[in-house]
Amino acid sequence: MIYITRRETFSAAHRLFRPELSDEENAKIFGKCSNPNWHGHNYTLEVTVAGEVDEHTGFVLDLKLLKEIIRENVIEHVDHKNLNTDTIFMKGLIPTSENICIAIWKQLEDKIPNGKLYSIKLYETENNYFEYRG
Ligand code: NI
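The residue count restarts for each chain, going from 1 along the sequence in the order it is written. Local features in this predicted model are restricted to residues of pLDDT 70 or higher, and side-chain atom pairs are both shown and tallied only at a pLDDT of 80 or more, whereas totals for entire chains, interfaces and linings draw on every residue. Note: side-chain values were computed over all heavy atoms of the structure, leaving out hydrogens and water.

Explanation requested: the overall build of the protein chain in the structure shown.
Helix and strand assignments come from DSSP, with helices taken as H or I runs of at least 4 residues and strands as E runs of at least 2, each series counted from the N terminus. Check the secondary structure of the protein chain and you find three helices and five strands. Reading the protein chain from its N terminus to its C terminus gives the helix and strand order β-α-β-α-β-α-β-β. Counting only C-alpha atoms, the protein chain reaches 60 × 25 × 20 Å along its principal axes. Across the 134 residues that make up the protein chain, the buried fraction comes to 40%. Sequence separation of 24 or more characterises 67% of the internal contacts of the protein chain that already satisfy a separation of 6 or more. Calculation of accessible area relied on Shrake-Rupley with a 1.4 Å probe; when residues are assessed, cover is drawn exclusively from the protein chains displayed. Total accessible area computed for the protein chain in this model is approximately 8,200 Å², and 48% of it derives from carbon and sulfur atoms. Counting 16 positive and 21 negative side-chain charges, the protein chain places the averaged centre of each group 2 Å from the other. Only protein chains enter the calculation, and the probe is 1.4 Å; a residue is then buried if its accessible area is under 20% of its type maximum, exposed if over 50%, and partly exposed in between. Contacts are residue-level and defined by heavy atoms, with any inter-residue pair within 4.5 Å sufficient. Counting rule for charge: Lys and Arg are taken as positive, Asp and Glu as negative, and neither His nor the chain ends is counted. Charge placement uses NZ in Lys and CZ in Arg. For Asp and Glu, CG and CD serve respectively.

Now the structure itself:
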């Protein structure tokens, strides 16, 4: 089995909050990420596909194709967007990195033509990253 990874970056705004709670209560749970007037992160996304090498091409999956699949199904929906209000696949979810990882997995899971989606890694800052393996 070979694991191939494509890295992409995007910038997005969000607010972590539960609408039924006051700003103070939200601040207690979510801290700075519950700022009522939004804020942004520069995210790094790593998508890993696992598979066997195709004898004809020598590839698991052409990374150019993987890049296009990620751009079309994820990056176009999140880059320079508000994850709470603009991103259809985040609708109804609190846009934590955990939930973003799971939603990106669902966006990509059935779109990989060769090999299988193995992991979604999302870096919210240099020091914090989140990983989902389905
Ligand atoms: Ni935040």
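Quick question: what am I supposed to make of helix α3 (residues 97–108) here?
Residues that lie three or four places apart on an α-helix share one face, since the helix turns once every 3.6 residues. Here a helix's expected span is defined as the number of its residues, less one, multiplied by 1.5 Å. A rise of 1.5 Å per residue sets the reference length of α3, with its twelve residues, at 16 Å; its end C-alpha atoms lie 16 Å apart and thus fit the reference within 8%. For α3, the complete set of buried residues consists of Ser97, Ile100, Cys101, Ala103, Ile104, Trp105, Gln107 and Leu108. Tucked inside the fold, the buried residues of α3 contact β2 (39–51), α2 (63–78), β4 (116–123) and β5 (129–132).

Could you clarify how one ought to interpret the pattern of salt bridges in this entry?
Close approach of charged atoms lets side chains of opposite charge pair. Criterion for a salt bridge: a side-chain nitrogen of Lys or Arg within 4 Å of a carboxyl oxygen of Asp or Glu. Overall, the coordinates contain eight salt bridges when judged by the stated rule. A salt bridge links Glu46 to Arg7; the shortest N-O distance between them is 2.7 Å. Separated by 39 residues along the polypeptide, Glu46 in strand β2 and Arg7 in strand β1 (residues 2–14) bring together distant segments of the chain. The class of Arg7 is exposed, set by a relative accessible area of 55%.

Would you mind going over the packing of aromatic side chains with me for this structure?
In this description, a pair of aromatic rings is defined by centroid distance and the angle of the planes. Only the six-membered ring of Trp is used, alongside the rings of Phe and Tyr, when aromatic pairs are assigned; centres must lie within 6.5 Å, and planes under 30 degrees apart are stacked while those over 60 apart are edge-to-face, with the rest tilted. Applying the stated criterion across every chain, the model contains four aromatic pairs. Both rings, one in Tyr3 and one in Tyr118, keep their centres 4.7 Å apart while their planes meet at 70°; by these two values the pair is edge-to-face. Residue Tyr3 is found in strand β1, and its partner Tyr118 is found in strand β4; the two are separated by 115 residues along the sequence. Residue classification places Tyr3 among the partly exposed positions, given a relative accessible area of 46%.

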